[in-house]
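Listed here are the chains, written in short residue letters.
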Amino acid sequence: GREMERRRESSKRAQDLMTTPLMKAFDIKREKEKVRNAYGGGFGKNCLLARRLVEVGVPFVEVSLSGWDTHDNNFDRVKGLSGQLDRGFSALLGDLADRNLLENTLVVITSDHGEELFEHGGLDHGRTLYEEVLRVPLIVRWPDGEAPRGEAPRTLLDIAPTLLHHAGVAAPEGWLGSNLRDEPSRASLRVAQLGSWGMAVRRGDLKLIDLAGSPEA
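So, how was this worked out
- Every chain is numbered on its own, with residues counted from 1 as its sequence reads.
- With pLDDT at 70 or above as the cut-off, local features in this predicted model cover only qualifying residues; side-chain atom pairs require 80 or more to be listed or tallied, and sums for whole chains, interfaces and linings still use all residues.
- Calculation of side-chain values draws on the structure's entire complement of heavy atoms; hydrogens and water are dropped beforehand.
- Classification of residues uses two cut-offs on accessible area relative to the type maximum, computed with a 1.4 Å probe and protein chains only: under 20% is buried, over 50% is exposed, and between them is partly exposed.
- Only DSSP runs of H or I reaching four residues or more are called helices, and only runs of E reaching two or more are called strands; each is numbered from the N terminus.
- Should DSSP find at least two bridges between two strands, the strands are regarded as paired.
- We call two N or O atoms a polar contact when they sit within 3.5 Å, provided that within protein one can donate a hydrogen and the other can accept it, with sequence-adjacent residues counted only if both atoms are side-chain atoms.
- Whether two residues are in contact is decided by their heavy atoms: any pair within 4.5 Å suffices.
- When a carboxyl oxygen of Asp or Glu is within 4 Å of a side-chain nitrogen of Lys or Arg, the pair counts as a salt bridge.

Caption draft 1: Highlighting the pairing of strand S6 (residues 198-203). Burial along S6 is one-sided: Gly198, Ala200 and Arg202 are buried, while Met199, Val201 and Arg203, pointing the other way, are not. Where S6 lies against strand S7 (residues 206-210), five bridges are found, and the strand directions are antiparallel. Opposite Met199, over in S7, you have Asp210 as the bridge partner.

Here you go:
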């Protein structure tokens, strides 16, 4: 029946994936030792794999570095993670440039949320709407080397439409967010919500935090 047909199709796709010549891209031992050493291990190793996948034509590659939700030894752990990020990411950009891949590759680095490290007396995230929690890294390296226009605040919702635009695909109707290359209106609102009781609204340089519904209010 229909379920059996779906299973056959899934099995065929898995088999095609395992037998494709592109599987060689996963064998980073084919790289020169000098190149592997430049990237390092862990996150850097995954960045090297990302470059190999881009090189064989994979259109979208995501590399993640976990562990930023520190709950002890915070400053030393963040320092260590930052070192991994800097080494792997800088090696990736340099390698893409050396192989003439950077000129047609969009590179984005970001995070899903910030972290309090006692800037306002607190630690962790998910309890306040201060800038150290809401303002996250968003670094974009465009294929043409140009920077986005405007200085208005942007949102992570803008990343997906940007990626689709770069790939020549129209964003589905009703999607929130906009292409980062389009200059947003400084009058546009940016809203962040904390559970069911907290909200921050930002317009331009002005920000309002409403915690009226907080259990501690």
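Caption draft 2: View of the side chain of Asp95. Assignment of secondary structure puts Asp95 in helix H4 (residues 74-98). A distance of 2.9 Å separates the side chain of Asp95 from the side chain of Arg51, its partner in a polar contact. In this structure Asp95 touches Val35, Tyr39, Leu48 and Arg51, once residues within four positions along its chain are discounted.

Caption draft 3: Spotlight on the pattern of salt bridges. Applying the stated criterion across every chain, the model contains 13 salt bridges. The partner of Arg13 in a salt bridge is Glu9, and the shortest N-O contact between them spans 3.8 Å. Pair noted here: Arg13 and Glu9 are both in helix H1 (residues 2-19), with a separation of four residues, about one helical turn. Taking relative accessible area as the criterion, Glu9 reaches 37% and is therefore assigned partly exposed. Two residues, Asp158 and Arg154, come together in a salt bridge whose shortest N-O distance is 3.1 Å. Judged by its relative accessible area of 1%, Asp158 falls in the buried class. The exposure class of Arg154 is partly exposed, given its relative accessible area of 22%. Residues joined in a network through salt bridges with shared partners are Glu31, Arg51, Arg52, Glu55, Asp95 and Arg99.

Caption draft 4: Spotlight on the environment of Leu156. When you line up the elements, Leu156 lands in the loop between strand S4 (138-141) and helix H6 (159-166). Residue class for Leu156 comes out partly exposed when judged on its relative accessible area of 33%. Sequence spacing of Leu156 and His113 is 43 residues, and the spatial spacing of their C-alpha atoms is 9.7 Å. Filtering out sequence-adjacent residues up to four positions away, Leu156 remains in contact with Thr110, Ser111, Asp112 and Val136.

Caption draft 5: View of the side chain of Thr162. Summarising the element assignment, Thr162 is placed in helix H6. Judged by its relative accessible area of 2%, Thr162 is buried. Contacts of Thr162, omitting those with residues within four sequence positions, involve Leu106, Trp142, Ser178, Asn179 and Leu180.

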